[in-house]
Amino acid sequence: MKVLRDTWLVFGRYWGLFIHNPVWVVIGVVQPLLYLLLFAPLLSSIAKTPGFPSGGAYNVFVPGLLVQLGMFGAAGVGFSLIAELRMGVIERLRVTPVSRVSLLLGRALRDILSIVVQSLILIVLALPFGLSINPIGVVVVLALIALIGLLTASIAYAAALWLRSEDSYAPLIFTSSLPILLLSGVLLPLGLAPQWLRSIAALNPLSYAVDAARAVFLGHLGNPSVVKGVALMAVLSILAVILGARAFGRAVA
Amino acid sequence: MEGNAIETRGLRRVFKTRNRVVEAVAGVDMTVPKGEIFGFLGPNGAGKTTTLRMLATLLPPSGGTAMVAGCDLLKQPGQVRERIGYVGQAGGSDREIMGRTELVFQGRLYGMSLAAAKKRAADLIAMLELEVCADRKVATYSGGQKRRLDIGLGLVHDPQLLFLDEPTTGLDPQSRARVWDEVRRMHDRGTTVFLTTHYLDEADALCDRIAIIDHGKIVAVGSPEELKREVAGDLVTLSVVGNLPAAFDLLKGQPFVREATTEEGMVRLYVDRGEVAMPAILRLLDSAGLQLVTIGLQRPSLDDVFLRKTGRSLRETAA
Ligand SMILES: Nc1ncnc2c1ncn2[C@@H]1O[C@H](COP(=O)(O)OP(=O)(O)O)[C@@H](O)[C@H]1O
Ligand SMILES: [Mg+2]
């Protein structure tokens, strides 16, 4: 099918660009490492505070880290797109018969793949610290992170195509992703938060993803929050892909 | 119509920005027959890029209709895309990728198999003389090499109609000449080339026909020769030994002379075609026994045309 072929071609181009730039690859691997080595040790003592979920510090913390990786890993992807707009690359691609959805999906797939690989590295590195998870859980969590990556990347690309300049893209991305992240219970469980903060967080789709990831890591694969989190991310991703593909279809550069 | 590469009627584009509305293209009617090198000549901001982007399916028109490469621009954008090539003002190649990789990828987007795309890339690299740099990152290319690669990207699928937006802006004279050669070769192969420029000499030397565009409107269309002739005609200046009034009286009544004056001991004649008028003038003076001292032919430039049509000189307005 044309969309699949085109998506594969576009993915190949951007994956090639990514893999030929050793800086990105190194950053991709070092980032999760830094979190584990420099941040996680703080947790062991916090885990003893009342209200902290049982299951061990790492099983509570790593899911949040993964969600954060999914989101922050994809929020900045618009920068390279803006550079391409300036070089005329996007116009050149839009004038070919290539599918508009593929222009988005091919790129997003590249972003997702790099996020999934980083997530795997993070999970494996956390095992010696006491993280426990079963293989099915790993698959479910990676699927969830991939959806978060797709959702975020699609929105990021749409925003980049509309704003067309780093000067307006950067503030938008950073001022919007930080509250979303803080209000999702990524860093510490919202069980520790006061009621008003929890009420706001309930409006944040990402908090359901965090709940789902945590449930998986605590071994509650059958928990309704898992289905809820994955389904919500899937629906939002589809909407974001439609939005992003439309942006590619009508980009004015 | 079958014979035309482009036909537009009332093509318009309005941009709404926060504080004002710009009519970048204000109703363009034009016809470009197949096989022509057609030039869009106008100063910066005239609406050249906007028109091109509409014709290349990149920008929806605010009004009007257009047939491009035999297809309806509004109803069949997909078919238009398959038949046209477009090289934007900014180029289109990524600095971080190798030229060959870009060409192969571009071919694949047009549905070629990997083998066919590689073959086509190799052919284009040879044709555009990019062998020395094809396997390096575009960031390392000279301006001329980069422009030739960008043109190559527009030619991958051998389009019947190629749009080139300011193909020589910013190039050194040698690279410009190289691009001109390339355009002429495409023309020889039967490709219709639609290019924009704000260089008078480029429009003059390269284009079969040009349209002068200003403030989103076409103010004149024709071959460079026609346009220049229509505006002013060629100017012949001459002086004779002795009897200047006799020479003036003899020449001013000739059918090929549009206008005649005497000034500072010279006769000035505006004629339709200088190359035809000159021998005739020589014969007339000779048979009247008048001896010529000097004679000169001055042809009007496209800038004279631009000046006449817009009230401004393109040399002044061009940035
Ligand atoms: N995306 C846009 N948004 C707002 N105004 C635009 C846009 N693109 C072009 N314009 C305006 O339209 C006019 C024509 O621009 P353009 O077609 O680029 O001219 P040219 O290519 O002849 O230099 C200019 O006044 C320009 O500022
Ligand atoms: Mg322009």
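Throughout what follows, the structure given in this document is the object of discussion. Since the structure is predicted, the reported quantities are computational estimates derived from the model, not experimental observations.

Some words on the overall build of chain A
Logical step 1: The helix and strand tally for chain A stands at 12 helices and 0 strands.
Logical step 2: Secondary structure elements in chain A, listed N-terminal to C-terminal, are α-α-α-α-α-α-α-α-α-α-α-α.
Logical step 3: Over its C-alpha atoms, taken along the principal directions, chain A stretches across nearly 60 × 35 × 35 Å.
Logical step 4: Residue burial in chain A is summarised as follows: out of 253 residues, 49% are buried.
Logical step 5: By sequence separation, contacts in chain A at least 24 residues apart represent 80% of the contacts at least 6 residues apart.
Logical step 6: Averaging the coordinates of the 16 positive side-chain charges in chain A and doing the same for the 7 negative ones gives two points 5 Å apart.

A look at the coordination of the magnesium ion (ligand 2)
Logical step 1: Distances from the magnesium ion (ligand 2) to its protein donors, namely Thr-49 of chain B (OG1) and Gln-89 of chain B (OE1), fall within the range 2.0 to 2.6 Å. Separated by 40 residues along the polypeptide, Thr-49 of chain B in helix 1 (residues 48-55) and Gln-89 of chain B in the loop between strand 6 (84-87) and helix 3 (99-109) bring together distant segments of the chain.

A word on the sheet that holds strand 4 (residues 63-68) of chain B
All names here are of chain B.
Logical step 1: Reading across the sheet, the 4 strands line up as 2-1-4-5 and stay open at both edges, with antiparallel pairing between neighbours. In this open sheet, the two edge strands, each paired with only one partner strand, are strand 2 (21-33) and strand 5 (71-72).
Logical step 2: Looking at chain direction, strand 4 and strand 5 are connected through 2 bridges and run antiparallel. Bridging from a neighbouring strand, Met-67 pairs with Asp-72 of strand 5.
Logical step 3: Docked against the sheet, helix 1 engages strand 1 (4-16), strand 2 and strand 4, running at close to 120° with respect to strand 1.

Quick look at the pattern of salt bridges
Logical step 1: Using the criterion set out here, one finds 31 salt bridges over all chains in the structure.
Logical step 2: With a closest N to O distance of 2.8 Å, Lys-146 of chain B and Asp-150 of chain B form a salt bridge. A residue pair is termed a helical-turn pair when its members lie 3 or 4 positions apart in one helix, as Lys-146 of chain B and Asp-150 of chain B do in helix 5 (residues 143-155) at 4 residues.
Logical step 3: Across the pair Arg-258 of chain B and Asp-272 of chain B runs a salt bridge whose closest N-O atoms are separated by 2.7 Å. Of this pair, Arg-258 of chain B sits in strand 12 (residues 257-263) while Asp-272 of chain B sits in the loop between strand 13 (266-271) and helix 10 (274-287), and the two are 14 residues apart along the sequence.
Logical step 4: When salt bridges that share partners are traced, they join Arg-13 and Arg-92 of chain A together with Asp-94 and Glu-102 of chain B into one network.

Here's the deal with empty space enclosed by the protein
Logical step 1: Scanning the entire structure with this criterion turns up 2 cavities of 30 Å³ or more.
Logical step 2: Together, Val-87, Gly-88, Gln-89, Arg-147, Leu-164, Asp-165, Glu-166 and Pro-167 of chain B line the largest cavity.
Logical step 3: Partitioned by chemical class, the residues of the lining of the largest cavity number 3 nonpolar, 2 polar and 3 charged.
Logical step 4: Along the walls of the second largest cavity sit Arg-92 of chain A together with Tyr-86, Val-87, Gly-91, Gln-106, Asp-150, Leu-153 and Gly-154 of chain B, which together make up its complete lining.

Re the site of ligand 1
Logical step 1: Close contacts around ligand 1 come from 13 residues, with Gly-45, Gly-47, Lys-48, Thr-49 and Thr-50 of chain B the closest.
Logical step 2: Taken together, the residues near ligand 1 originate from chains A and B.
Logical step 3: Between ligand 1 and Ala-46 of chain B there is a distance of 3.1 Å, counted from an oxygen atom to a backbone nitrogen or oxygen.
Logical step 4: A distance of 2.5 Å separates an oxygen atom of ligand 1 from a polar side-chain atom of Thr-50 of chain B.
Logical step 5: Protein chains shield 71% of the accessible area of ligand 1, which is 560 Å² for the free molecule.
Logical step 6: Elements represented by at least two residues in the shell around ligand 1 include exactly strand 2 and helix 1 of chain B.
Logical step 7: Looking at the shell around ligand 1, the element that brings in the most residues is helix 1 of chain B, giving 3 residues.
Logical step 8: Among the residues making up the shell around ligand 1, the classes are represented as 6 nonpolar, 6 polar and 1 charged.

Conventions used here
- Residues numbered from 1 in each chain as written.
- Chains lettered and ligands numbered in written order.
- Predicted model: local features only at pLDDT ≥ 70, side-chain atom pairs only at ≥ 80, totals over all residues.
- Heavy atoms only, no water.
- Helix = DSSP H or I, 4+ residues; strand = E, 2+ residues; numbered from the N terminus.
- Buried < 20%, exposed > 50% of the residue type's maximum accessible area, 1.4 Å probe, protein only.
- Contact = heavy atoms within 4.5 Å.
- Lys, Arg positive; Asp, Glu negative; His and termini not counted.
- Charge placed at Lys NZ, Arg CZ, Asp CG, Glu CD.
- Donors = N, O, S within 2.8 Å, 3.2 Å for Na, K, Ca; no water.
- Pairing = 2+ DSSP bridges.
- Axes fitted to C-alpha atoms, helices over the stretch in contact; angles between N-to-C directions.
- Salt bridge = Lys/Arg side-chain N within 4 Å of Asp/Glu carboxyl O.
- 1 Å grid on protein atoms, 1.4 Å probe; cavity = no way out; pocket = protein on both sides within 12 Å on 5 of 7 lines; lining within 4 Å.
- Points joined across faces, edges and corners; volume = space filled by probe spheres on them.
- Nonpolar A, V, L, I, M, F, W, Y, C, P; charged D, E, K, R; others polar.
- Near = heavy atom within 4 Å.
- Polar contact = N/O pair within 3.5 Å; in protein donor to acceptor, adjacent residues only side chain to side chain.
- Areas by Shrake-Rupley, 256 points an atom, 1.4 Å probe, with all protein chains shown as cover.

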